[in-house]
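What the coordinates show
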Amino acid sequence: MKRFPLFLTLNEKPVLVVGGGEIAERKIKLILKADAKVEVIANDFSDELNNLIKKNKLKRIQGKLVISELKKDYCLIIAATDNKVINKQLYRFAKKNNIFINVVDEPDLCTCTFGSIVDRGDLVVSISSGGSAPVFARQLREKIETYLPFNTSEIIKFSSEMRNKVIKTFNQFNKRRIFWETFFERISNYKSVNPKSLRKEFLSLLRKTKSKDTGEVYLVGAGPGDPDLLTIRALHLMQKSDICIYDNLVSKGILELVRRDSEMVYAGKLRSNHTIEQSEINSLLIKYAKSGKRVLRLKGGDPFIFGRGGEEISELMQHKIKFQVVPGITSASGAASYAGIPLTHRDFSQSCVFLTGHEKEGNLNIDWKGLASNNQTIVIYMGLNSLEKITSSFIQNGMKKNMPAAIIENGTSYQQRVISSTIQNIYKKADKEKIKSPAIIIIGEVVRLRKKIKWFT
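What counts, and where the lines are drawn
Residues numbered from 1 in each chain as written. Predicted model: local features only at pLDDT ≥ 70, side-chain atom pairs only at ≥ 80, totals over all residues. Heavy atoms only, no water. Helix = DSSP H or I, 4+ residues; strand = E, 2+ residues; numbered from the N terminus. Rg over C-alpha atoms; globule rule 2.2 N^0.38 Å. Buried < 20%, exposed > 50% of the residue type's maximum accessible area, 1.4 Å probe, protein only. Contact = heavy atoms within 4.5 Å. Areas by Shrake-Rupley, 256 points an atom, 1.4 Å probe, with all protein chains shown as cover. Lys, Arg positive; Asp, Glu negative; His and termini not counted. Charge placed at Lys NZ, Arg CZ, Asp CG, Glu CD. Patch = residues over 30% accessible without salt bridge, like charges linked within 9 Å, V, L, I, M, F, W, Y side chains within 5 Å. Salt bridge = Lys/Arg side-chain N within 4 Å of Asp/Glu carboxyl O. Pairing = 2+ DSSP bridges. Axes fitted to C-alpha atoms, helices over the stretch in contact; angles between N-to-C directions. Core = buried A, V, L, I, M, F, W, Y, C linked by side-chain atoms within 4.5 Å. Phe/Tyr/Trp six-rings, centres within 6.5 Å; stacked < 30°, edge-to-face > 60°. Parallel < 35°, antiparallel > 145°, perpendicular 65-115°, else oblique. Left-handed = near helix turned anticlockwise from the far one by under 90°. Nonpolar A, V, L, I, M, F, W, Y, C, P; charged D, E, K, R; others polar. Expected span 1.5 Å × (residues − 1).

For the rest of this paragraph, the subject is the overall build of the protein. If you tally the helices and strands in the protein, you get 16 helices and 19 strands. At 30 Å, the protein has a C-alpha radius of gyration far larger than the 23 Å of a compact globule built from 457 residues. Seen along its three principal axes, the alpha-carbon backbone of the protein occupies a region of about 95 × 55 × 40 Å. Taking all 457 residues of the protein together, the buried fraction comes to 45%. Within the protein, counting contacts between residues at least 6 apart in sequence, those at least 24 apart form 62% of the total. Working note: accessible area of the protein is about 26000 Å², and carbon and sulfur atoms make up 51% of it. Looking at charge distribution, the protein has the averaged site of its 74 positive side-chain charges lying 2 Å from that of its 47 negative ones.

Below, the structure written as structure tokens:
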């Protein structure tokens, strides 16, 4: 983070603006919204700026800037000039006297910058690129502008008036936060709001929330790794959670999207090294939900494809805990797509089988003979540790030795690696290339198509 986001109270605070043109005028209009006490210094003033100064009864100083005569009690200085010498002098003066300074178009001389601002009364959204990409920040602001309801300021005003009522109703901060989030979600679906409709919705929700337990569990599929592959629903629930219990297969980029103040609990399951046993994970889900928390169970891929989501839901149902399930793009589908390997193809594969290569008590419970067909695709999860046993077992049960096979490591990420060979040689190649988990194994004629249609690098 290059610059720390901070909202200043400028009400009746002295602010100095140096410059007499259009940029100075624009900056003054902005800070006047915060009721700052503005002084303007310039050799020459545009007619528009003169009118603005007169209208708002601002202090106007015409003449050459003398740094030694400046007061040291300014809260903020804005340098809206194209004079580099003056800009540097103002920067040194501000830094020496611990005054925030913004030098327009010179980020290296700024101790603060003006973000691209969305203003809805008491609701203010500011987006900053640290002065590096102001146009991009403005484009983001425009998107936010279209997202916010037209009468956002009325909603904020109403919420302010109702705050004390909510505080008196719920003595726990967490319950108050859940109430407000639910309230704002509901009214966001309204085409228009007015004080009467807001009050009706507010009182109705207050009665319902007061009378029921608010704990809930979200089983969310995080997909194969690329944050862009998350569903909108997944992202929405990730932002609502109080507790996040996540696996090692969830990428760092996706974890960054979880609500900032959510408590993070690592339930990492590495090969033969379960940091937390499944029974303990189940107990945690129940414990946190019963305490009224919204628990995010974040799983790599899809919760219902080798994700043990069914086991967790059975436990939740036994304890009558409310839950939601959000499917994710399973690793087989995501990794295969990014590797340029279609899982089915009318010329090569009329079916696709998903297997787990995870050994239980040293055995792989797989129908080797039944799966040794030439016209299907086999996708194996968690099979890297057992790769030699898997390939030799298929060959012993009739699969041709030159059947194409591929391994995709870190699929869909920029660390993705793909190796391909025959089923007879894929183990040696994986060992030589030092392929590591997470990795997906694909066996079938469709692997040949990678040469033509691979696209992601």
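A surface patch of nonpolar side chains, amounting to about 610 Å² of accessible area, comprises Met1, Phe4, Leu6, Leu8 and Phe100. One can find Leu8 in the segment before strand E1 (14–18). Residue Leu8 is classed as partly exposed on the basis of its relative accessible area of 39%.

Looking at the secondary structure, you find Glu25 in helix H1 (residues 22–32). Assessed through its relative accessible area of 13%, Glu25 is described here as buried. Among residues more than four places away in sequence, those in contact with Glu25 are Glu48, Leu49 and Leu52.

On the basis of which strands lie adjacent, the open sheet formed by five strands has the order E15-E16-E19-E17-E18 and mixed pairing. The sheet terminates laterally at strand E15 (351–356) and strand E18 (417–422), the two strands that pair on one side only. The sheet shows a mean angle of 20° between the axes of neighbouring strands, direction not considered. Bridge count for strand E17 (residues 404–409) against strand E19 (residues 439–443) is five bridges, and the pairing is antiparallel. From the neighbouring strand, Glu409 faces E19, where its bridge partner is Ala439. Taken strand by strand, helix H15 (residues 426–433) contacts E17 and E18, and its axis lies near 150° from that of E18.

Let's shift gears to the environment of Tyr218. Within the fold, Tyr218 resides in strand E8 (residues 216–221). Of the residues examined, Tyr218 reaches a relative accessible area of 0% and is grouped as buried. Along the primary structure Tyr218 and Ser204 are separated by 14 residues, whereas in three dimensions their C-alpha atoms are 25 Å apart. Excluding residues that lie within four positions of it along the chain, Tyr218 makes contacts with Leu237, Lys240, Arg294, Val295, Leu296, Arg297 and Gln324.

The next subject is the nonpolar core. In terms of nonpolar packing, the biggest core is built from 24 residues, with Ile378, Ile380, Phe394, Met399, Ile407 and Ile443 touching the most fellow members. Those elements that provide at least two residues to this core are helix H13 (368–371), strand E16 (376–381), helix H14 (387–396), E17, H15 and E19. Discounting residues that sit within four places of it in the chain, Ile380 has contacts with Leu355, Thr356, Gly357, Ile390, Phe394, Ala439, Ile440, Ile441 and Ile443. Ranked by size, the runner-up nonpolar core spans 22 residues in total, among them Leu10, Ile31, Leu32 and Val40.

Another aspect to go through is the packing of aromatic side chains. Under the definition given, this model contains 19 aromatic pairs. Here Phe158 and Phe202 contribute two aromatic rings whose centre-to-centre distance is 5.7 Å and whose plane-to-plane angle is 85°, an arrangement assigned as edge-to-face. Note that Phe158 is positioned in helix H5 (residues 152–169) and Phe202 in helix H7 (residues 195–210), a separation of 44 residues in sequence. By relative accessible area, Phe202 is classed as buried at 0%.

In this section: the packing of H1 against helix H2 (residues 47–56). Remark: H1 packs on H2, axes separated minimally by 9 Å, with the N-to-C direction vectors making an angle of 25°. One element, H1, and the other, H2, form an angle in the roughly parallel class. You can see that H1 and H2 cross each other, and the crossing is left-handed. Taking contact as the criterion, the partners of Ala24, Glu25, Ile28, Lys29 and Leu32 in H1 are, on H2, Glu48, Leu49, Leu52 and Asn56. A class-by-class count of the residues in the contact of H1 with H2 yields five nonpolar, one polar and three charged.

The next point concerns the sheet that holds E1. Taking strand neighbours across the sheet as the criterion, the five strands line up as E3-E2-E1-E4-E5 in an open arrangement whose pairing is parallel. The sheet terminates laterally at strand E3 (59–62) and strand E5 (100–103), the two strands that pair on one side only. Between one strand axis and the next, the sheet turns by 15° as a mean value, whatever way the strands run. In this fold helix H3 (residues 84–96) packs onto E1, strand E4 (76–79) and E5, with an angle of close to 170° to the strand it touches most, E4.

All right, on to helix H10 (residues 278–290) then. Taking 1.5 Å of rise per residue, 13 residues should cover 18 Å, and H10 covers 18 Å from first to last C-alpha, within 8% of that figure. Every buried residue belonging to H10 is among Gln278, Ile281, Asn282, Leu284, Leu285, Ile286, Tyr288 and Ala289, and all of these are buried. Remark: Gly292 follows H10 within two positions and exhibits a positive phi of approximately 95°.

Going from Ser437 to Pro438, the amide bond is cis rather than trans, its omega being 0°. Considering the arrangement of structural elements, one finds Pro438 in the loop between H15 and E19. Of note, Asp35 is a non-glycine position whose phi angle comes to about 60°, a positive value. Of note, the phi angle at Thr412 is positive, near 75°, even though the residue is not glycine. As for its placement among the helices and strands, Thr412 is situated in the loop between E17 and E18. Owing to a relative accessible area of 3%, Thr412 belongs among the buried residues under this scheme.

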